[in-house]
Amino acid sequence: MKALNKSVFVMGLCGLMLAGGLRGSEFTSPAEWRMVNTNAVNQWMVERQAQASTSLLVWRGVAADVAKQEVRLLAEAVGHRSGITAEFLLVGPNSDRAYEAAAVTVAQPGDIVRAVESLGVKRGGSVGSRSFRFWPVGERMSVCVRRIDVEGDAERPMRSLINDQEPDEPLLGEGGVVFTGGVWDGDVCLTDAQIPCSIISLYNEKGTIFDVPFKVGQGEVYGRLALAETLPYGALLEVVIKPLTPADGQPLVLPLSIDVVLQEGGDFTVTCSGDGKVLKKGDLPDSLLWLKAQQGAGREPFVTLSIDEATPLKKAVEVASVFVMLDGVGLKLDGKPEGGLYARAFTPMEKWREREGRVPQPYELHVRRGEGGGLEKKLVFVEEDWTVPGLDPALTPREHPFSEWAELPELVAKTGGPECKVRMLFVYAPADEPLSAFMPGVRLMAERLPLVYVFSGE
C-alpha cells in the first residue's frame, strides 16, 4: 500500500511539473492567461484594503493614492525571452494576447481608468474615437515598474523593458504615455472584454487605456520594438503610474476650435476658441505665434480647423497647408468641424489626379461656372473592368450631369450600385470658386462618402 501511495505521489508530482512547464512555456498564439501569484496578489490586496481611505482608493489589483498622485497596479510577466517583438507593454486579464505583451495586469482596464481619474486626470480619446482623429489625445503619464518577487528591487522606467531600433526618437521616451482612457459605453468599460484588452499599447490601438504619443501603425512595431530582457514567467510586478503635469499645474491637452475668415483686404481673421471661450483672435501670423507660445508653455494644442465657406478654394488651400505643415510639430490636427472638412482634404497629392493606378477609383464631383454664370455640376464614376488581359483594369469614366444637389445621393447610389464599397470622394472645382460651390454636395454625401479630397481646377 505504501509503495502504491508513493507511486501515486510521484505520478502526481510529475503531472504538476508537466502542467507547470506547459503554463510556463512561451506564448506564441492567442491563449487564455491564468493568474500565477494568487496568494501574493491576495496579500497585496489585504495590505492595501487595510490602508484604504478617502485618499487611498482600492480596486482589485490597483490602488490610487490621491495625496501622492500615483496609481499602483499589479501585473505578471509573460515570460518571453529578450528580443521578442512586443505590441503591448500591458494587457488586461481577459486578453488572449499575452503572446504579444510583456505582462498581464491583475486589474481590469476599467478599474485602472477609475484609479487614474480619481487623481483628477480626465480621459482623453484614442485614435479613431471620433471622426478624423489620427493622434491619441490625453494627459501624459510616467510609468515605472519594480519586481515584487526580488527583494529590494528599485523602481525603474517601464520603457527600459523595450529596445527601440530608433533610440533618438523612441516611441516610449521621457514624454511618457497618453491617457486615452479606453472605450466606454456609459459606465461600462468595453476595453475590459474587447480583445486585445490593451492597457499600454505600443501602437495606436483604438481601445487602449494608454497609448504612445505618436502616430504609429501596428505594422510599424515589427522589426523596431523588442523586449530588452527576459522576465521569468509569472514574475510579479508592481507598476507605478503618475501624471506628468506641466510646471504651472494646467492640463497638457489644449483642445482648440480654430475658425478662419477671409477679410476684404485679403487677410485672414483667425479665432481660437477652447472650452466655449475665445482665447485668441487676430490675423494668421499673430495667431500662429500665439499657438507657438502655448506649446512653449507646456500646452499640447489639438486643433479642429474650420474655414469659412465664402473663402475661395485657392485661399482655403493656402490656410490649410499651413496647419497641415504644423501637424505633429507645433500642433495636432484633431477631427473635422460639423458639416466641414478635415484640413488635409485641401492638400491631396497631385498624382492622385491620374486615374491609372488609383485603387479603388473614387467618386468624382466636378463643378464649374457655365457661360451664363450658373454652376454646372456632374458626377463621374469610373468603371473598372478586371476581365481584360494584364494586371490593370480597363477604366471607363461615366459622366452624369445634374442640376440640383438633392439629386446627388440617388445618383451616387445608382452609378455605384448596391455592392459598391467606395467611401472616397474627389472634388474638382475652379481655384477662384468659394467653398460654398461644392460643400452642399459634400455634406449631403458625408455619411456615404466621408473621405474627401479637393482639387483646384480640372
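Residue indices follow the written sequence of each chain, beginning from 1 at its first position. Under the rules for a predicted model, residues below a pLDDT of 70 receive no local features and side-chain atom pairs below 80 are neither given nor counted, while totals for whole chains, interfaces and linings still include all residues. Excluded from the side-chain calculations are hydrogens and water; all other atoms, namely the structure's heavy atoms, are used.

This part is about the sheet that holds strand E17 (residues 268-274). Pairs of strands are assigned from DSSP output, requiring at least two bridges between the strands. Numbering of helices and strands runs from the N terminus; a helix is a DSSP stretch of H or I covering at least four residues, while a strand is a stretch of E covering at least two. Taking strand neighbours across the sheet as the criterion, the five strands line up as E18-E17-E16-E19-E20 in an open arrangement whose pairing is mixed. Among the strands making up the open sheet, the edge pair consists of strand E18 (277-283) and strand E20 (332-333). Relative to E18, E17 is paired through six bridges, and the arrangement is antiparallel. Paired with Gly274 across the two strands is Lys277, which belongs to E18. Across the sheet, helix H4 (residues 284-296) touches strand E16 (253-262), E17, E18 and strand E19 (300-307), and the angle it forms with E18 is around 130 degrees. In what follows, a contact means two residues having at least one pair of non-hydrogen atoms within 4.5 Å. Angles run from 0 to 180 degrees between N-to-C directions of axes, and those axes are lines fitted to C-alpha atoms, restricted for helices to the stretch in contact.

Let us now look at the pattern of salt bridges. Salt bridge, as used here: a side-chain nitrogen of Lys or Arg that lies within 4 Å of a carboxyl oxygen of Asp or Glu. For the structure shown, the criterion picks out 33 salt bridges. Among the ionic pairs, Asp286 bridges to Lys280, the shortest N-O distance being 2.8 Å. Whether a residue is buried, partly exposed or exposed follows from its accessible area with a 1.4 Å probe, protein chains only, as a fraction of its type maximum: under 20%, in between, or over 50%, in that order. Residue Asp286 is classed as partly exposed on the basis of its relative accessible area, which comes to 32%. A salt bridge links Glu364 to Arg355; its shortest N-O distance comes to 2.7 Å. For Glu364, a relative accessible area of 1% gives the class buried. Taking relative accessible area as the criterion, Arg355 reaches 24% and is therefore assigned partly exposed. Residues participating in the shared-partner salt-bridge network are Glu47, Arg48, Glu70, Arg72, Arg146, Glu155, Glu238 and Lys242.

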